[in-house]
Amino acid sequence: MLKLNWVKLLLLALLLPVAARADEGMWLPLYVKRLNYADMQKKGLKLTAEEIYDVNNASLKDAIVQLGGFCTGEFVSNRGLMLSNHHCGYDALQSHSTPEKNILQDGFFATTPAEEKTNPGLFVDILVRMEDVGSKVLDGVTPQMTEQERTALVQKHQKEIADAAKENGQYVAYVRDFFGGNEYYLFVYQRFGDVRLVGAPPEAVGKFGGDTDNWEWPRHTGDFSMFRVYASKDNKPTAGPLADNVPYQPKKHLPVSLQGVSEGDFAMVFGFPGRTQRFLPAAGLQLTLDQSNPARIKLRDTRLKLWKEDMDQSPDIRLKYASKYAGIANYWKYFIGQNEGMKRLKTVDAKKAEEASLAQWVSADPARSQQYGFALNDINTAYAGLREYNLSSVYMNEAVLGTEVSAFAARMLPLYNLLKDPKADPAAVKKATADLQEPMEEFFKDYNVATDKKVYAALLQLYYNDVPKAQQPDIFRTVEKQYGGSMKKYADYVFANTFLTSKSKVQAFLAKPTLAQLEKDPAFATLNSAYTNYTQNILPKMQALQSPLTRANRAYVAALRAKNTDKVYSPDANSTLRLSYGTVRAYTGRDAVHFDYKTTAQGILEKEDPTNPEFVVPAKELALLKAKDYGRFADKNGQLPVAFITDNDITGGNSGSPVINGRGELIGIAFDGNWEAMTGDLAYDPNLKRCINVDIRYVLWCIEKLGGAKSLVDEMTVVNNGPNPGVGPTAGGVSANLFDVEKMKVKTEDGGKTKVKKKKEKDAAGAGM
Ligand code: ARG
């Protein structure tokens, strides 16, 4: 019986193209043709696979950029005009703002090149090609090797391959691992270092709804900003902004569709999702749920409240801290939502069940036991060990480095190490000193000493109270003896005596750095004590647990894929270019709560509240909306569309990604995810997970009507080609063709061993957006 089915399935597999589930998946463009194309056509795609990804001819991928390593952008004109999110341009907008000329608050659109604003340090990467380099990376790796030996060899190969692909600095290249180190791919990019700010709506539009609406649907946010990429006269990248540069001519830019969206329309999102951990074992989920997330939430909550107190007192502080605040708040709410969701959806239990069934499958066969039998045991042992040190690690990142003066002091460590070394090369000291200029400028530009002092006292107090004594830095014992354990009294001492909070003193130090001055500085000494404790007492313990964990994870992921041959797994996000596809789709958030698939300007008027800064509507917008002055951007019902949702699988890093219809036209810009699916980075729920997009017609309205910058819209290729391809309206939030997709699940050609062959905020666990 079993055998017959197996033979039948194999035959079927030879006849049918490999199909993947449409709901989950951030797919590598390299394999779209083989793994996803047939399914995408069913959902309404009209392009050829080559029109999506082709290394030899212009294809969609040439219109997509990774912005600054933390967001996505897309070209919308043949003169390098690029769209992304408002929250991706937030830092640039803030840094070009002053209380007198506040473009973050008021918005601005450059309609002449002279008005565009350069952003030294900001870059975009455009993918040239990607390649499966698994066999080269794993060449010489044997099962007998220790994990350290394996890592050393793999890293050596990764570096060699990447270095060769850089072609003497012409390209940026790196090799990333996939599926826990079972597969490796090379990515080669052109990096353009001249990215100029072209415009954005007022903050009250671009961040309408603020932190209240963040991570939630329904949304009424015009979350977009515009940049222009510049290149040399021969269209080549330059390392930074140059006066002679001209607008870059991309190989491909996206036409912009005025057609609008209906439920069931095909939608694909092309971009750079940052990080998902869908293969995180139950023990890892449990640690996140009951240790890491509560600590992060508590520490960020404390920091945000103290920042906000001061921001509310002074417009100058508000502006200085706006971008930092937004970044920290974004993931503060994320961690809250993730934990709520994990409890509601019983994510840990589901993983445990999956692991139990995997264990059963493994132990049913001696060869499998041999190959994978150790994995789950080793994983659980490693996490039991990690649980002892994990809190120290979270507090190092969020409490110690969460205070600005400590984070700045940490930048001094390389220089400190050189000053300590009598044999250090004077040239190296000079370089380490020079390297501090930029961080110094950056630090003092937006720094308020009094604010940071309060944060310093509060966060260190929490560290002192919450982390086991045996794992605390030595300096805490001094605080105990001299200040009775009061971090407030200690902060008074530190801030009265440190030179690190004064720009002129730091400048004087950098002009003639001495070990003695750094060593006796109390802010530096505190950071150094925490850092030394971390690197000597915590990190080695965690690293010792990490090697067996890495090995076990690799086997665990391999076993899962070997067991579930009917499922084509998509690799976890790792900041490489991915494509996700699906449809415009409503959802039911919880019992009896249905969410429509689109919002209109009517909702902006409903949410408007002049007494609440998060829901203020700028006067001009209010007047235009009340007059229903929508121009050519109204929908069929005479409404101004604002946002819509799709069931595309996305995560942080995708921010700014184009939402593209079946004809390859831009219909929206992805900017968020929904509250009900905050566990999405850890476990995917097809019924709940939605991608929140600003409707491109609202974007155009904001530029042309609100911003008065019609010339920027005219520069785009605006099209109106009739209804979008798609599968038609759906019922009850369930995609009409979900069932078709289920039926289409087939075995892969090689019995399931098929490989889904094959980079600031600013990560989920880290700083920000
Ligand atoms: N949650 C969005 C993301 O991570 C960021 C939204 C920015 N808006 C805000 N209110 N912080 O992509």
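What you see is a predicted model; the values in this text were computed from it and never measured. (Residues numbered from 1 in each chain as written. Predicted model: local features only at pLDDT ≥ 70, side-chain atom pairs only at ≥ 80, totals over all residues. Heavy atoms only, no water.)

**Quick notes on the pairing of strand 1 (residues 64–67)**
Where we set the bar: Exposure is judged per residue with a 1.4 Å probe applied to protein chains only, and the accessible area is read against the type maximum: over 50% gives exposed, under 20% gives buried, and values in between give partly exposed. Helix and strand definitions here come from DSSP, where helices need a minimum of 4 consecutive H or I residues and strands a minimum of 2 consecutive E residues; each element is numbered from the N-terminal end. Whether two strands pair depends on DSSP finding at least two bridges between them.
Burial along strand 1 is two-sided: the residues Ile64 and Gln66 and Val65 and Leu67 are all buried. Counting the residues between successive antiparallel strands, the hairpin from strand 1 to strand 2 (residues 71–75) contains 3 residues, one of them, Gly68, with a positive phi of roughly 60 degrees. Note that strand 1 and strand 5 (residues 124–132) share 2 bridges and pair antiparallel. If you follow Leu67 over to strand 5, its bridge partner there is Val124.

**Description of the environment of Gly373**
Tracing the chain through its elements places Gly373 in the loop between helix 13 (366–372) and helix 14 (375–400). C-alpha separation for the pair Gly373 and Lys626, spaced 253 residues apart in sequence, amounts to 66 Å.

**Re the pattern of salt bridges**
Inclusion rule: We define a salt bridge as a contact between a side-chain nitrogen of Lys or Arg and a carboxyl oxygen of Asp or Glu at a distance within 4 Å.
As enumerated under the stated definition, the model contains 44 salt bridges in all. Among the ionic pairs, Lys454 bridges to Asp310, the shortest N-O distance being 2.7 Å. You can see Lys454 sitting in helix 19 (residues 449–466) and its partner Asp310 sitting in helix 10 (residues 282–313), a full 144 residues away along the chain. A relative accessible area of 32% means that Lys454 is categorised as partly exposed. The buried category is assigned to Asp310, whose relative accessible area is 10%. Where salt bridges share partners, they join Glu24, Arg278, Lys567 and Asp649 into one cluster.

**Examining the nonpolar core**
A general feature of soluble globular proteins is that nonpolar side chains tend to end up buried together. Heads up, the condition is: As used here, the term nonpolar core means buried Ala, Val, Leu, Ile, Met, Phe, Trp, Tyr and Cys residues forming a set that is joined through side-chain atoms within 4.5 Å. Any two residues whose heavy atoms approach within 4.5 Å are treated as being in contact.
Ile52, Met268, Leu500 and Ile703 are the most contacted members of the largest nonpolar core, which has 183 residues in total. With 15 residues, the single largest contributor to this core is helix 24 (residues 522–563). Not counting the four nearest positions on each side in its chain, Ile703 is found in contact with Phe109, Phe224, Met226, Gly708, Ala709, Leu712, Val713 and Met716. Of all hydrophobic cores here, the second largest spans 28 residues; its members include Phe108, Val124, Ile126 and Tyr248.

**Structural notes on helix 16 (residues 413–420)**
Rules: The arc in question is the one spanned by the directions pointing from the helix axis to the C-beta atoms.
For helix 16, the full list of buried residues reads Leu413, Leu415, Tyr416 and Leu419. Viewed along the axis of helix 16, the buried residues span an arc of 155 degrees, placing them on a single side of the element. Close packing links the buried residues of helix 16 with helix 15 (404–411), helix 17 (426–434), helix 22 (503–511), helix 23 (515–519) and helix 24.

**Remarks on the packing of helix 26 (residues 619–626) against helix 27 (residues 696–706)**
Short version of the rule: Angles shown run from 0 to 180 degrees and are taken between the N-to-C directions of axes, each axis being a line fitted to C-alpha atoms and, for helices, limited to the stretch in contact. Under this scheme an angle from 65 to 115 degrees is roughly perpendicular, one under 35 degrees roughly parallel, and one over 145 degrees roughly antiparallel; angles in between are oblique.
Contact geometry for helix 26 and helix 27: axes closest at 11 Å, N-to-C directions at 110 degrees. Taken as axis vectors, helix 26 and helix 27 run roughly perpendicular relative to one another. Each of Lys620, Glu621, Leu624 and Leu625 in helix 26 lies in contact with helix 27, whose residues at this interface are Tyr698, Trp701, Lys705 and Leu706.

**Observations regarding the packing of aromatic side chains**
Rules: For Phe, Tyr and Trp, rings pair up if their centres lie within 6.5 Å, where Trp contributes its six-membered ring, and each pair is then called stacked (planes under 30 degrees apart), edge-to-face (over 60) or tilted (otherwise). In this analysis the charged atom, NZ for Lys or CZ for Arg, is taken to sit over a ring once it is within 6 Å of the ring centre and within 35 degrees of the ring normal.
Per the stated rule, a full pass over the model turns up 35 aromatic pairs. Ring centres of Tyr31 and Tyr185 lie 6.1 Å apart, and the angle between their planes is 80 degrees; this geometry places the pair in the edge-to-face category. Of this pair, Tyr31 sits in the loop between helix 1 (2–15) and helix 2 (32–43) while Tyr185 sits in strand 7 (residues 183–192), and the two are 154 residues apart along the sequence. Residue Tyr31 is classed as buried on the basis of its relative accessible area of 8%. Seen from their ring centres, Tyr587 and Phe595 are 4.7 Å apart, and the 15 degrees between their planes marks the pair as stacked. Summarising the burial analysis for this pair, Tyr587 and Phe595 share the class buried. Geometry around Tyr230 places Arg196 over its ring, the cationic atom sitting 3.6 Å from the centre.

**A closer look at the state of the cysteines**
The condition that has to hold: Any two cysteine sulfur atoms within 2.5 Å of one another count as a disulfide.
The tally for this structure, following the rule as stated, stands at 1 disulfide. Each disulfide pairs two cysteine sulfurs, and for Cys71 the partner residue is Cys88, the sulfurs being separated by 2.1 Å. Taking the sign of the S-S torsion, -75 degrees for the link of Cys71 and Cys88, the bridge is left-handed. Of the two residues, Cys71 sits in strand 2 while Cys88 sits in helix 4 (residues 86–95), which places them 17 residues apart along the sequence. Under the relative-accessibility criterion, Cys71 is labelled buried at 2%. Residue Cys691 stays outside any disulfide, its sulfur separated by 13 Å from that of Cys88, the closest cysteine.

**Some points on the environment of Gly68**
Tracing the backbone shows Gly68 in the loop between strand 1 and strand 2. Placed 124 residues apart in sequence, Gly68 and Phe192 show a C-alpha to C-alpha distance of 10.0 Å. In this view, Gly68 contacts Leu122 and Phe123; residues no more than four positions away in its chain are not counted.

**So, the site of the ligand**
Where we set the bar: A cutoff of 4 Å decides nearness: a residue is near a molecule or strand if any of its heavy atoms lies inside that distance of it. In protein, a polar contact requires one atom able to donate a hydrogen and another able to accept it; more generally it is a pair of N or O atoms within 3.5 Å, and residues adjacent in sequence count only if both atoms are side-chain atoms. Note on areas: these come from Shrake-Rupley sampling with a 1.4 Å probe, and a residue is covered only by the protein chains present in the view. Classification convention: Asp, Glu, Lys, Arg as charged; Ala, Val, Leu, Ile, Met, Phe, Trp, Tyr, Cys, Pro as nonpolar; all other residues, Gly among them, as polar.
Within the structure, the ligand sits among His87, Lys207, Gly210, Asp211, Asn214, Trp215, Asn330, Ser655, Phe671 and Asp672. Within the side chain of Asp211, a nitrogen or oxygen atom sits 3.4 Å from a nitrogen atom of the ligand. Contacts to the ligand include Phe671, whose backbone N or O atom sits 3.4 Å from an oxygen atom. When the free accessible area of the ligand is taken as 350 Å², the share hidden by the protein chains comes to 96%. Listed by contribution, the elements that provide at least two residues to the shell around the ligand are helix 9 (210–213) and strand 19 (666–673). For the shell around the ligand, the per-class residue count stands at 2 nonpolar, 5 polar and 3 charged.

**Some points on helix 14**
Short version of the rule: Every helix has an expected span of 1.5 Å times one less than the residues it contains. What we call the bend at a residue is the angle made by axes fitted to the seven residues finishing there and the seven residues starting there.
Between the first and last C-alpha of helix 14 there are 35 Å, a value that for 26 residues agrees with the 38 Å anticipated at 1.5 Å per step. At Glu388, helix 14 shows its maximal kink, close to 50 degrees.

**Considerations on the side chain of Arg554**
When you line up the elements, Arg554 lands in helix 24. Residues within four places of Arg554 in sequence aside, it is in contact with Glu147, Arg150, Gly180, Gly181 and Asn182.

**Some details on unusual backbone geometry**
Omega for the bond connecting Trp217 with Pro218 falls within 30 degrees of zero, at 5 degrees, which places this linkage in the cis form. With respect to the helices, strands and loops of the structure, Pro218 is situated in the loop between helix 9 and strand 9 (225–231). Of note, the phi angle at Asn235 is positive, near 65 degrees, even though the residue is not glycine. Looking at the element boundaries, Asn235 is found in the loop between strand 9 and strand 10 (246–247). If you check the backbone angles, Lys628 has positive phi at about 50 degrees while not being a glycine.

**Overview of the pairing of strand 9**
In terms of residue burial, strand 9 counts as a mostly covered element, since 7 of its 7 residues are buried. The two faces of strand 9 match: Ser225, Phe227, Val229 and Ala231 on one face and Met226, Arg228 and Tyr230 on the other face are all buried. Of the strand pairs in this sheet, strand 3 (residues 81–84) and strand 9 are connected by 4 bridges, and their pairing is antiparallel. Looking at the pairing, Met82 lines up with Phe227 of strand 9. Of the pairings in the sheet, the one linking strand 8 (residues 195–200) to strand 9 comprises 4 bridges and is antiparallel in character. Residue pairing in the sheet places Leu197 in a bridge with Phe227 of strand 9.

Don't take any of this as a statement about function, it's just geometry.
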